[in-house]
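What follows is each chain in one-letter form.
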Amino acid sequence: MITMLSAPSNLGLRPPEPGSVPGAAKAPEALREAGLFARFAELGATDSGVVLAGRYVDDDAMRPPGHVRNESATIDHSRRLAARIGAALDRGEAPLVIGGDCAILLGAGLATVRRGGIGLVHVDGHTDFRHPGNSDECASVAGEALAAAIGRHWPAVADIDGLGPSFAAEHTAHIGHRDDDEDLPEVRGILGGVFSSADILSLGAAHVGAEAAAVAGSAYWLQVDVDVLDAAIMPAVDSPDPGGIGAAELTTLLRELAPGAVGASITVFDPDLDPDGRYARLLVEILTEGLSDLGTRVQRP
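Cut-offs applied
Residues numbered from 1 in each chain as written. Predicted model: local features only at pLDDT ≥ 70, side-chain atom pairs only at ≥ 80, totals over all residues. Heavy atoms only, no water. Helix = DSSP H or I, 4+ residues; strand = E, 2+ residues; numbered from the N terminus. Buried < 20%, exposed > 50% of the residue type's maximum accessible area, 1.4 Å probe, protein only. Contact = heavy atoms within 4.5 Å. Phe/Tyr/Trp six-rings, centres within 6.5 Å; stacked < 30°, edge-to-face > 60°. Lys NZ or Arg CZ within 6 Å of the ring centre and 35° of its normal. 1 Å grid on protein atoms, 1.4 Å probe; cavity = no way out; pocket = protein on both sides within 12 Å on 5 of 7 lines; lining within 4 Å. Points joined across faces, edges and corners; volume = space filled by probe spheres on them. Nonpolar A, V, L, I, M, F, W, Y, C, P; charged D, E, K, R; others polar. Salt bridge = Lys/Arg side-chain N within 4 Å of Asp/Glu carboxyl O. Axes fitted to C-alpha atoms, helices over the stretch in contact; angles between N-to-C directions. Parallel < 35°, antiparallel > 145°, perpendicular 65-115°, else oblique. Left-handed = near helix turned anticlockwise from the far one by under 90°. Pairing = 2+ DSSP bridges. Core = buried A, V, L, I, M, F, W, Y, C linked by side-chain atoms within 4.5 Å.

Asks: Looking at this structure, how should I read the environment of Gly-109?
Replies: By secondary structure assignment, the location of Gly-109 is in helix H4 (residues 105-113). Gly-109 gets classed as buried once you look at its relative accessible area, which sits at 0%. It is 29 Å that separates the C-alpha atoms of Gly-109 and Arg-281, two residues lying 172 residues apart in sequence. Residues contacting Gly-109, with those up to four places away along its chain left out, are Ser-166 and Phe-167.

Structure representation (structure tokens):
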């Protein structure tokens, strides 16, 4: 059984402009308004409520070196989100976590590693692999979440409660980057599988999904950043880019991956960039069609 869980956090994103606040925290309620929760309820899903994040602060002027933006609040939210995800897993449910920004992956990783560990399929238009070993610009966990999840970041975010890494690199597959991703060479040398948006378009979404699932193993977490979609189709994200996939490809990819996932997280939709709700409605269709079989073919941790 699927259970819906809202995680309206924007803590891992850079401010759109100095002193402002990213809009991604509004995504769960915007998608609820567009019918997502009702559609899943019709499929038998339950509602596990909301895990609220702490206050977002544009702390660039005061943050000391060696720390990410909103670090304490991010760690606190990750722990509380992990507890809620873990409770769902312990009930035999498949949590569908609606974020929020990509930093919520830390909460999913913490929940699953506490239960023995599983694989990861990371669907994202970017590799999210910036870390202290390859950049002097580390600050935003949303652009560094995959690196943190496999233990390649400062311990505060990569080794929460001494349990890192959350996912083994060899059982982690990334899908969806553009060919000009600056961290691609490093990612290819570390992860068990790496597939670009061009691979999806040339090889087929079902084929890529099956290859990624084979890397991740018999049980995995599914992280989906909606900026994997082409910017012309989904501009309502923090970092829209051309060269992405279409709605049909993402739906097929999710349909292939959902049954083997113990749970999933959906991130970086920004309702501030969707004033008439058209992109929220598109996501409702993609997610309902693609994730209706979430967790149906897996042994949970």
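Asks: Looking at this model, I keep getting lost on the packing of aromatic side chains. Mind explaining?
Replies: Geometry of an aromatic ring pair is reported as the spacing of the ring centres plus the angle between the planes. One pass over the full model with this rule turns up zero aromatic pairs. Directly above the ring of Phe-37 sits Arg-32, whose terminal nitrogen or CZ lies 3.9 Å from the centroid.

Asks: Help me understand empty space enclosed by the protein in this model?
Replies: A probe as big as a water molecule, rolled over the atoms, marks out the empty space that is left. By the definition in use, this model includes one cavity of 30 Å³ or more. Its boundaries defined by the atoms lining it, the largest cavity holds a volume of some 80 Å³. Leu-106, Leu-110, Val-113, Ala-148, Ala-149, Val-157, Ala-158, Asp-159, Ile-160, Leu-163, Gly-164 and Ser-166 together form the lining of the largest cavity. Mapped onto the lining of the largest cavity, the elements with two or more residues apiece are H4, helix H5 (145-149) and helix H6 (155-158). Counting residues per element, the lining of the largest cavity draws most heavily on H4, at three residues. Residues belonging to the lining of the largest cavity are distributed by class as follows: nine nonpolar, two polar and one charged.

Asks: Mind showing me how you'd approach the layout of surface pockets here?
Replies: Taken as a whole, the largest pocket encloses approximately 480 Å³ of empty space. In this structure, the largest pocket is lined by 24 residues; those nearest its centre are His-126, Asp-128, Arg-130, Gly-143 and Ser-239.

Asks: For this particular structure, what's the right way to read H4?
Replies: Because an α-helix packs 3.6 residues into every turn, residues spaced three or four apart end up facing the same way. Burial analysis of H4 places eight of its nine residues in the buried class, which makes it a mostly covered element. Those residues of H4 that sit buried are Leu-105, Leu-106, Gly-107, Ala-108, Gly-109, Leu-110, Ala-111 and Thr-112. Turning to H4, the residues buried within the fold contact helix H3 (71-90), strand S4 (119-123), H5, H6, strand S7 (220-225) and strand S8 (261-267).

Asks: So what exactly am I meant to see when it comes to the pattern of salt bridges here?
Replies: As a working rule, side chains carrying opposite charge can pair if their charged atoms are close by. On inspection of all chains with the given rule, the structure shows 16 salt bridges. The residue Arg-115 makes a salt bridge to Asp-90 at a minimum N-O spacing of 2.9 Å. Placement of the pair is Arg-115 in the loop between H4 and S4 and Asp-90 in helix H3, with a sequence separation of 25 residues. Asp-90 gets classed as exposed once you look at its relative accessible area, which sits at 54%. Across the pair Arg-255 and Glu-289 runs a salt bridge whose closest N-O atoms are separated by 3.6 Å. One end of the pair, Arg-255, is in helix H10 (residues 247-257); the other, Glu-289, is in helix H11 (residues 278-291), with 34 residues separating them in the sequence. Judged by relative accessible area, which is 40%, Arg-255 ranks as partly exposed. Judged by relative accessible area, which is 43%, Glu-289 ranks as partly exposed.

Asks: Even after reading the chapter, I still don't get the packing of H10 against H11, so can you show me in this structure?
Replies: A packed helix pair is summarised by two numbers, namely the angle formed by the two axes and the spacing between the axes. One can describe the packing of H10 onto H11 by two numbers: an axis separation of 7 Å at closest approach and a directional angle of 30°. Comparing their axes, H11 and H10 come out roughly parallel. In this structure, H10 meets H11 at a crossing whose hand is right-handed. Every residue of H11 that contacts H10 at Ala-247, Leu-250, Thr-251, Leu-254 and Arg-255 is listed here: Leu-282, Ile-286, Leu-287, Glu-289, Gly-290 and Leu-291. Here the contact of H10 with H11 is composed, by residue class, of seven nonpolar, two polar and two charged.

Asks: What should I look at first to understand the sheet that holds strand S2 (residues 46-50) in this one?
Replies: By way of backbone hydrogen bonds, the strands of a sheet pair with one another, either parallel or antiparallel. With parallel pairing, the eight strands of this open sheet are ordered in space as S2-S1-S3-S8-S7-S4-S5-S6. Looking along the sheet, the strands with just one partner apiece sit at the ends: S2 and strand S6 (193-196). Ignoring strand direction, the axes of neighbouring strands in this sheet form an average angle of 15°. Pairing between strand S3 (residues 94-99) and S8: three bridges, direction parallel.

Asks: Help me understand the nonpolar core in this model?
Replies: Among soluble globular proteins, nonpolar side chains are generally buried collectively. Of all hydrophobic cores here, the largest spans 95 residues; its most connected members are Leu-96, Val-123, Ile-175, Trp-221, Leu-222, Leu-257 and Phe-269. Residues contacting Val-123, with those up to four places away along its chain left out, are Ile-175, Leu-222, Gln-223, Val-224, Asp-225, Val-228, Leu-250, Leu-253 and Leu-257.

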